[in-house]
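# Close look at the chain arrangement
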Amino acid sequence: MSNLTKKYYLETLGCAKNEVDSEAIEVSLISAGFAKTDDVGSADLILVNSCGFINDAKIESIDTALYLHMNRKKGSLLVMCGCLPARYNMERIFKEVDLFLPSTNHNQLVPYLNKIGWTKKTGEDSEKRVRPRYPYGYLKLSDGCDNRCSYCAIPDIKGVFYSRSFDEIVSEAEYLCQNFVKELVLIGQDTTMFGLDRNDKSELPKLVNRLVRIEGLKWLRIMYAHPAHLTDEIIEVVASKDKLLKYIDLPIQHISDEILKKMNRKIDGKGIMNLIARLRASIPEIVLRTTFIVGFPGETDNDFEELLDFCEEVQFDNLGLFKYSPEEGTLAFKLKGRIDETIIEERYLTLLDLQNKISKAKLDRRAGKTELVLIQEVDDGGVAIGRTWFQAPEVDGVTYVDKPDMKPGDMIEVRIKRAGAYDLFSEPLKEE
Ligand code: SF4
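Conventions and cut-offs
- Residues numbered from 1 in each chain as written.
- Predicted model: local features only at pLDDT ≥ 70, side-chain atom pairs only at ≥ 80, totals over all residues.
- Heavy atoms only, no water.
- Near = heavy atom within 4 Å.
- Nonpolar A, V, L, I, M, F, W, Y, C, P; charged D, E, K, R; others polar.
- Pairing = 2+ DSSP bridges.
- Helix = DSSP H or I, 4+ residues; strand = E, 2+ residues; numbered from the N terminus.
- Axes fitted to C-alpha atoms, helices over the stretch in contact; angles between N-to-C directions.
- Contact = heavy atoms within 4.5 Å.
- Parallel < 35°, antiparallel > 145°, perpendicular 65-115°, else oblique.
- Left-handed = near helix turned anticlockwise from the far one by under 90°.
- Buried < 20%, exposed > 50% of the residue type's maximum accessible area, 1.4 Å probe, protein only.
- Right-handed = clockwise from strand over helix to strand, strands pointing away.
- Phe/Tyr/Trp six-rings, centres within 6.5 Å; stacked < 30°, edge-to-face > 60°.
- Domains from an automatic or database assignment.
- Core = buried A, V, L, I, M, F, W, Y, C linked by side-chain atoms within 4.5 Å.
- Salt bridge = Lys/Arg side-chain N within 4 Å of Asp/Glu carboxyl O.

## Quick notes on the site of the ligand
- In the vicinity of the ligand, the residues found are Cys145, Asn147, Arg148, Cys149, Tyr151, Cys152, Ile154, Pro155, Gln189 and Arg265.
- Taken together, the residues of the shell around the ligand sort by class into six nonpolar, two polar and two charged.

Here it is, written out as C-alpha cells:
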C-alpha cells in the first residue's frame, strides 16, 4: 500500500461506449487513491482506452500509445485497454506497452495496481460515475452484440449481447441528473434490443417511461437503433413522451437488397422504406441520423445509384459515412468482388457531397425559427456553444448563441439567425 497519491492520465479513443467505459475505469482509480492529471509527463499511470473497430481506428490507437510512450516519465506504467487488445494478442509485438487489458477485463486494473503496491485506501465510497463535465451524459444500456453484421468485428471484440440491469441504469441516470446533466443519451451496440435478453421483462419503452420521470432531466435521446429492431412500441413511446426527443440515430448502412443481404442486416430495402414511412407518419417532425458504408464487396454502380436516390428521396438530417474496411475475422472479409480503392473514394465523395447539400438546405430552413438551446460550453471569446434538440452531442453540428454571461447547463430560447455548413448561429429571443 503506498502513501503517495499516484497520478493517472487517461486517453479515450473510439465511440461513446468507450467514453462510458473510461469513466468506469476513472471511478475505480479514484476510489483506489489515484488523482487525475492532464500532463502525461507527470503521470505514474498512463492509460489509452483503444478502439479496434476498423483499420483507421487501429492505427490511431497504436499511434496514440507510441506518442504516450515517448512522453512518459521513468518508472511510469503504460496500459492499453479497450477494444484493440480484445481483438488482438499484442503482448509479443508491442513492447512499449506494459499491460494490455481487453475491454472485458477492465476490472482487473485495480487488483493489478494493488498487487504492485500503487493503491491506497481512501475510505470513500466510489461514485457511480465521474462528475459530469458537460450537461449531457451517455447511458450505456448494454454491451456486446449478436447481430453479426458481416463487416463488423464488434461481436468478436465485445462478445455476446447483454443488457445492463434496469435498476442499475436508472440509478446511474439519477446520479447524472443530480450532478448537472440535463440530457441523457442512450447508447449500446443496438439500443433497440435492450432488455430482450433478460427475463425480467425489461425493454426500451419501459425504461424510457421510467427515465423521463427523473427530476432534472430535460432531454432523452436514442442513439444506435437497429432498423430491424425498431418496433411500433418504440415509435409510439418516441411520439408520446415529451422529454424523449423526436430524434433517432438509425444506422442503415445501405439500401440495395443485394448488399443488405450480404451485410446480414436482417432487413431489406422495402422494410427500411416502410419503417421510415411509419416513423414520419407517427412523428412528422422526426429528425433522422443514419450511417452508410460505401464500397462493400460486390457493390455495383447500380447499387450505389440506388443509395444516392434513396438519400435524395429520404433527405436524412445527419449522416455518418464510412468506406468499407476489410476486417479479418469477419464474414465479409472472405467475400469476392472487392471494390477498387479509387472507386470507393469516388463514391464516398459523391455521397458526402450530396448529403452536404441536403443538410445545408435543411439547416437553412431553420433560419428565423425559435429553438431551445442547451448551453454546453462558453469559448474564450465568451461565445456560448450549445445544441438544439435536433443536434446530438459530438456527432452533429452545434448552435452558437450570441449572448454573453451564459454558462454550461443553461437552456435558452433563441432565434436562429443563419446556418453554416453544419452549425447554426443564433441570438437570444428578445424579452417581450
Ligand atoms: S449491429 Fe452490426 S454493426 Fe452494430 S455492433 Fe452489432 S454487428 Fe456490429
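## Considerations on the sheet that holds strand β9 (residues 183-187)
- If you walk across this open sheet you meet the six strands as β6-β9-β10-β11-β12-β13, and the pairing is parallel. The open sheet terminates on both sides in strands that have one partner only, identified here as β6 (136-140) and β13 (318-323). Adjacent strand axes in the sheet meet at a mean angle of 20 degrees, parallel and antiparallel pairs treated alike.
- Here four bridges tie β9 to strand β10 (residues 219-222), and the two strands are oriented parallel to one another. Considered in β10, the bridge of Leu184 is made with Leu220.
- Along the sheet, helix α12 (residues 341-364) contacts β12 (287-294) and β13; its crossing angle with β13, the most-contacted strand, is approximately 175 degrees.

## Focus: the packing of helix α8 (residues 232-240) against helix α10 (residues 269-282)
- At a closest axis distance of 10 Å, the pairing of α8 and α10 adopts a crossing angle of 30 degrees. Looking at the two axes, α8 sits roughly parallel to α10. α10 is crossed by α8, and the crossing has right-handed handedness. Contact with α8, carried on its side by Asp232, Ile235 and Ala239, involves Leu275, Arg278, Leu279 and Ser282 of α10 and no other residues of that element.
- Across the contact of α8 with α10, the residue classes tally to four nonpolar, one polar and two charged.

## Digging into the environment of Leu78
- Here Leu78 is to be found in strand β4 (residues 77-82).
- On the basis of relative accessible area, Leu78 is assigned to the buried category, the value being 0%.
- For Leu78 and Tyr9, which are 69 residues apart along the polypeptide, the C-alpha to C-alpha distance reads 9.6 Å.
- Beyond its immediate chain neighbours, meaning those up to four positions away, Leu78 contacts Ile46, Ala65, Leu68, His69, Arg72, Glu96, Val97, Asp98 and Leu99.

## With respect to the packing of α10 against helix α11 (residues 301-314)
- It is the contact of α10 with α11, at a shortest axis distance of 13 Å, that shows an interaxial angle of 10 degrees. One way to sum up the angle between α10 and α11 is to call them roughly parallel. The residues of α11 that touch α10, namely those facing Ile272, Met273, Ile276 and Arg280, are Phe310, Glu313 and Val314.
- Along the lines of polarity and charge, the residues of the contact of α10 with α11 split into five nonpolar, no polar and two charged.

## Some points on the pairing of strand β1 (residues 7-12)
- Note: β1 against strand β2 (residues 35-36), two bridges, orientation parallel. Bridging across to β2, Lys7 finds its partner in Ala35.
- Following the chain from β1 across helix α1 (residues 16-30) to the adjacent parallel β2, one finds a crossover that is right-handed.

## Brief notes about the sheet that holds strand β3 (residues 45-50)
- The five strands are arranged β2-β1-β3-β4-β5 in an open sheet whose pairing can be described as parallel. Edge strands, defined here as strands with exactly one partner in the open sheet, are β2 and β5 (99-102).
- Here six bridges tie β3 to β4, and the two strands are oriented parallel to one another. Its bridge partner lying in β4, Ile46 is registered against Leu78.

## Here we look at the packing of aromatic side chains
- Scanning the entire structure with this criterion turns up ten aromatic pairs.
- With a centroid separation of 6.5 Å and 85 degrees between ring planes, the pair formed by Tyr151 and Phe296 is classed as edge-to-face. With Tyr151 in the loop between β7 (142-143) and α5 (154-158) and Phe296 in the loop between β12 and α11, the pair connects residues that are 145 residues apart, well separated along the chain.
- Looking at Tyr151, the relative accessible area reads 9%, which means it is buried.

## Quick look at unusual backbone geometry
- Here the phi dihedral of Gln253 falls at roughly 75 degrees; this positive angle occurs in a residue that is not glycine.
- The residue Gln253 is located in the loop between β11 (244-249) and α9 (257-263) in this model.
- For Gln253, a relative accessible area of 10% translates into the label buried.
- Non-glycine residue Glu394 carries a positive phi angle of around 70 degrees.
- Along the polypeptide, Glu394 turns up in the loop between β15 (384-387) and β16 (399-401).

## Re the domain arrangement of the protein chain
- Once the domains are mapped, the protein chain shows domain 1 (7-115), domain 2 (136-364) and domain 3 (370-428).
- In this structure, domain 1 and domain 3 have C-alpha centres spaced 33 Å apart.

## What about the nonpolar core?
- With 59 residues, the main nonpolar core has Leu279, Phe292, Phe310 and Leu351 as its most contacted residues.
- Tallying contributions element by element places helix α6 (residues 166-178) first for this core, with seven residues.
- Here Phe310 is in contact with Ile252, Ile255, Ile272, Met273, Ile276, Phe292 and Phe316, once residues within four sequence places are set aside.
- One finds Val20, Tyr136, Trp219 and Ile375 within the second-largest nonpolar core, a separate group that totals 26 residues.

## Quick word on the pattern of salt bridges
- Scanning all chains against the criterion turns up 29 salt bridges.
- The partner of Glu345 in a salt bridge is Lys323, and the shortest N-O contact between them spans 2.8 Å. Of this pair, Glu345 sits in helix α12 while Lys323 sits in strand β13; the two residues are 22 residues apart in sequence, bridging distant segments of the chain.
- Note on Lys323: relative accessible area 35%, which makes it partly exposed.
- One salt-bridge network, in which partners are shared between bridges, spans Glu23, Arg129, Arg164, Glu168 and Glu172.

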